[in-house]
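Understanding the architecture of this molecule
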Amino acid sequence: EDQVTQSPEALRLQEGESSSLNCSYTVSGLRGLFWYRQDPGKGPEFLFTLYSAGEEKEKERLKATLTKKESFLHITAPKPEDSATYLCAAISSGTYKYIFGTGTRLKVLA
Amino acid sequence: NAGVTQTPKFQVLKTGQSMTLQCAQDMNHEYMSWYRQDPGMGLRLIHYSVGAGITDQGEVPNGYNVSRSTTEDFPLRLLSAAPSQTSVYFCASSFHRLAGEETQYFGPGTRLLVL
């Protein structure tokens, strides 16, 4: 069964304290790995799509990487405005169903 | 572009009542989907559609119906509401099977409370 697991569930960082969020996946024939940011009371907002192991994408303080078993979202020198829930999702070849993890709640303290 | 829009934003129902959650997109996306989001459960797929006239079940389809008569609209119907359907519902859309373009875009959500 396809599965996506995110860790940690919650993370508190001081402003400027870099860290990484993990997304482990067991998906037969990964077709895409997606990262989203979700603010309270809002819908998920797209951040990155990764398609193959070794791929990396960056946007401001965020960098997403992909291996054959997991993806990492690296946050460099975070700011309080980076506080949100970060969601990971995967889709396997031969299906039309996106599988989401339960998310990591990030709080960045000033 | 308005993107993905959902109505209503908030709804209270009594057990046994029916209602339709509306979803529309103006990006000419073939793929549309409905999710529910509950605390600690993440986003779970209810139903999805890969084009007008084509729908299929997701992970948690029981108690919900969908139809897709146009590319733009994908309504979700609750046939007989139950307290277990209290949740936040998100609609999403994307291009389908187009390399590099499968990212889903989400609507703002509908918060449903069933008493």
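Everything numeric here is computed off the predicted structure, so don't read it as measured data.

**A closer look at a nonpolar patch on the surface**
Together, F10, V12, L113 and L115 of chain B give the surface a local cluster of nonpolar side chains, amounting to about 370 Å² of exposed area. Within the secondary structure, F10 of chain B sits in strand β2 (residues 10-13).

**Structural notes on the sheet that holds strand β3 (residues 19-25) of chain B**
Residue and element names in this part refer to chain B. Reading across from one edge, β1-β3-β8-β7 is the order of the four strands in this open sheet, with antiparallel pairing throughout. What marks the edges here is a single partner per strand, and that holds for β1 (4-7) and β7 (64-66). Geometrically, the sheet is characterised by an average inter-axis angle of 20 degrees between neighbouring strands, direction not taken into account. Pairing of β3 with strand β8 (residues 76-78) involves three bridges; the strand directions are antiparallel. Bridging across to β8, M19 finds its partner in L78.

**Quick look at the interface of chain B and chain A**
Taken residue by residue, the interface counts 25 residues in chain B and 19 residues in chain A. When chain B packs against chain A, the two sides together hide about 1,800 Å² of surface, and 54% of this comes from carbon and sulfur. Summed over the shared surface of chain B and chain A, the result is five residue pairs in polar contact (both at pLDDT 80 or more). Where the side of chain B that touches chain A is concerned, the elements lending two or more residues are β4 (31-38), β5 (42-51) and β9 (87-94) of chain B.

**Topic: the sheet that holds strand β6 (residues 56-59) of chain A**
Residue and element names in this part refer to chain A. If you trace the five strands from one edge of the open sheet to the other, you get β1-β3-β8-β7-β6, paired in antiparallel fashion. Both edges of this open sheet fall to β1 (3-7) and β6, since each of them pairs with a single strand only. Recorded for the sheet is a direction-independent mean angle of 15 degrees between the axes of neighbouring strands. In the sheet, β1 pairs with strand β3 (residues 19-26) via five bridges, with the strands oriented antiparallel. Bridge pairing in β3 places S7 opposite N22.

Thresholds applied
Residues numbered from 1 in each chain as written. Chains lettered and ligands numbered in written order. Predicted model: local features only at pLDDT ≥ 70, side-chain atom pairs only at ≥ 80, totals over all residues. Heavy atoms only, no water. Patch = residues over 30% accessible without salt bridge, like charges linked within 9 Å, V, L, I, M, F, W, Y side chains within 5 Å. Areas by Shrake-Rupley, 256 points an atom, 1.4 Å probe, with all protein chains shown as cover. Salt bridge = Lys/Arg side-chain N within 4 Å of Asp/Glu carboxyl O. Helix = DSSP H or I, 4+ residues; strand = E, 2+ residues; numbered from the N terminus. Pairing = 2+ DSSP bridges. Axes fitted to C-alpha atoms, helices over the stretch in contact; angles between N-to-C directions. Contact = heavy atoms within 4.5 Å. Buried area = accessible area lost by both parts, 1.4 Å probe. Polar contact = N/O pair within 3.5 Å; in protein donor to acceptor, adjacent residues only side chain to side chain.

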